[in-house]
Amino acid sequence: MNKLIAQLRSICGVPHVYTHEDAGADLSAWELDWRKRSRGRSLAVVRPGSTAEVAAVVKACAATPGVSIVPQGGNTGLVVGSVPDDSGTQVVLSMTRMNAVRAIDPANLTITVEAGCVLQNLQAAAEQAGFLFPLSLGAEGSCTIGGNLGTNAGGTQVLRYGNTRELCLGLEVVTAQGEVLNGLTGLRKDNTGYDLRNLMIGSEGTLGIITAATMKLYPLPAAQLTAWAAVPSMQAAVDLLGLAHQTLGPGLTGFEVMNQFALSLVDKHYPQLRVPLWQDTPWCVLLENSDSENEQHARTQFEALLERALEQGCVSDAVVAENLSQAHGLWHIRESITLAQAEEGLNIKHDISIPVSRIPAFVAETDALLQREIPGVRLVDFGHLGDGNLHYNVQAPEGGDNKAFLRDWEDKVNTLVFDQVHKFEGSISAEHGVGELKAHKLPTYKDPTALAMMRAIKQALDPHQLLNPRKVLA
Ligand SMILES: Cc1cc2nc3c(=O)[nH]c(=O)nc-3n(C[C@H](O)[C@H](O)[C@H](O)COP(=O)(O)OP(=O)(O)OC[C@H]3O[C@@H](n4cnc5c(N)ncnc54)[C@H](O)[C@@H]3O)c2cc1C
């Protein structure tokens, strides 16, 4: 192994390779997952500065028996996909030094960036050039576009712009053999065979290492308005979504739902955020209208929507943000739910999708089943309702011991929730991916033919299990 470390140092430079043997070494930023559920021990953390260095690192690791590679971006993933196991034989390949914007092509509406570019910096570069890069999620200040592509991240704008897959036109990838696949095309049409780009997107670092990507840009909206509505039931939230689609058309760029308990956690842990309208309603909805004309047009449309919704009883009260700073404040509340939950303590997380029309029945039935099994259980239920995606999280009863709750209930609760998801023809991972956390669940919930094809693809592209072994496919 010492030979490999020396090779890695000669490829990337001594300052960019860390090991536990270094004086004062603390590698927890790379070895501990965001939720602090899994702490591994790596052989080394390597931070290459170019595609050629990534390829050379892969070749050196491939030539060393027993070593494998864990690609890592911002390490904000929620399914234990980006951290090493505790074997001490895995090299963490951190992409954060490769963070340049390589090119912007205004006529083609594309931006080409390196994989380690932090999402917020990509959004800012697009905006500086006069465009919108619409991918947006709570972790955008630390996650990277490579990680977003690796997980096919969703976020808050999917109902209008699609998830990361839909935003990507081309990829540069280092294969498990250390070859460079140059697919950095800005083409919107290219039917020359199998879609390797889409194979890589969402593969969670198990098929190749994404080193750069060409992403789509959009015109900046002329105006963006945000509203917050209290709704009396999940069915009312779904009815409101239908009305919003009809009234706002493609202007509807965000539709988030949050239950009362989720908002009570934000109120408890971040009282300065001043959550509106949450005390007297079981659910709140956050809506965003992006308008290509002007603010007055957006406001008139929004008011028409909310009036109809109040008349029809699917909204009981609503506020429309007066300015950008109020709008950011409302989004900040929504994005603080994940952090407020972390403050409250460990819970059992589910990132699921169900056809939108079936969500009210799913929630009613599954809530009742859980309450029957665990009296007093608390549900942190929120998510991207516009995409049929719920973060359906289960917290110990008030005053309970969170660690003991997880130990005693996690498996049973997962089975109960995933069986319900299966019954309602949904997916057990809508946007966070599979990682190590859910890999053992795929044989139960994934179509067996699909799973066999996934195994065949992994075997063909990475026969020696060099890239992120035991993630996605257990
Ligand atoms: C507060 C918070 C809010 C979040 N909100 C959302 C949300 O709304 N929607 C959503 O989808 N996710 C969300 N997430 C999850 C997470 O941010 C996303 O999964 C994100 O895409 C991960 O990016 P990353 O750079 O941190 O990747 P990492 O966590 O480092 O890695 C994630 C996976 O991608 C692989 N990977 C990383 N870089 C590469 C690369 N260059 N090439 C190949 N594979 C690679 C890793 O091996 C791993 O399997 C949230 C997380 C947090 C902490």
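Please refer to the structure placed before this passage.
Residues numbered from 1 in each chain as written. Predicted model: local features only at pLDDT ≥ 70, side-chain atom pairs only at ≥ 80, totals over all residues. Heavy atoms only, no water.

(A) Representation of the sheet that holds strand β9 (residues 180-183). What the 5 strands build is an open sheet, ordered β5-β6-β10-β8-β9; its pairing is antiparallel. In this open sheet, the two edge strands, each paired with only one partner strand, are β5 (101-105) and β9. If you compare each strand with its neighbour and ignore which way they point, the axes differ by 15° on average. Pairing of strand β8 (residues 168-174) with strand β10 (residues 209-216) involves 6 bridges; the strand directions are antiparallel. From the neighbouring strand, E172 faces β10, where its bridge partner is A212. In this fold helix α4 (residues 119-128) packs onto β5 and β6 (110-114), with an angle of close to 145° to the strand it touches most, β6. (Pairing = 2+ DSSP bridges. Helix = DSSP H or I, 4+ residues; strand = E, 2+ residues; numbered from the N terminus. Axes fitted to C-alpha atoms, helices over the stretch in contact; angles between N-to-C directions. Contact = heavy atoms within 4.5 Å.)

(B) View of the packing of aromatic side chains. Summed over all chains, the structure comprises 5 aromatic pairs. Plain terms: the ring middles of Y18 and W30 are 5.2 Å apart, the flat faces sit at 50° to each other, and that makes the pair tilted. Separated by 12 residues along the polypeptide, Y18 in strand β1 (residues 17-18) and W30 in helix α2 (residues 28-31) bring together distant segments of the chain. As far as the burial class goes, Y18 and W30 line up, both buried. When the centroid spacing of 5.7 Å and the interplanar angle of 90° are considered together, the rings of F362 and F424 count as edge-to-face. Of the two residues, F362 sits in helix α14 (residues 359-373) while F424 sits in the loop between α15 (402-423) and α16 (442-445), which places them 62 residues apart along the sequence. Each member of the pair, F362 as well as F424, is classed as buried. (Phe/Tyr/Trp six-rings, centres within 6.5 Å; stacked < 30°, edge-to-face > 60°. Buried < 20%, exposed > 50% of the residue type's maximum accessible area, 1.4 Å probe, protein only.)

(C) Up close: unusual backbone geometry. Although it is not a glycine, N468 sits at a positive phi angle of roughly 45°. By the secondary structure assignment, N468 is in the segment after α17 (448-461). Positioned with a positive phi, R470 is a non-glycine residue whose angle comes to about 70°. In this fold, R470 is placed in the segment after α17.

(D) Representation of the nonpolar core within the structure. M234, L240, F255, L287 and L370 are the most contacted members of the largest nonpolar core, which totals 57 residues. Ranked by residues supplied to this core, first place goes to helix α9 (residues 234-248) with 9 residues. If we skip the residues at most four places from it in the chain, M234 touches V257, W283, I359, P360, V363, L385 and L390. If you look at the next biggest cluster of nonpolar residues, it comprises 55 residues, including V58, M95, I201 and Y218. (Core = buried A, V, L, I, M, F, W, Y, C linked by side-chain atoms within 4.5 Å.)

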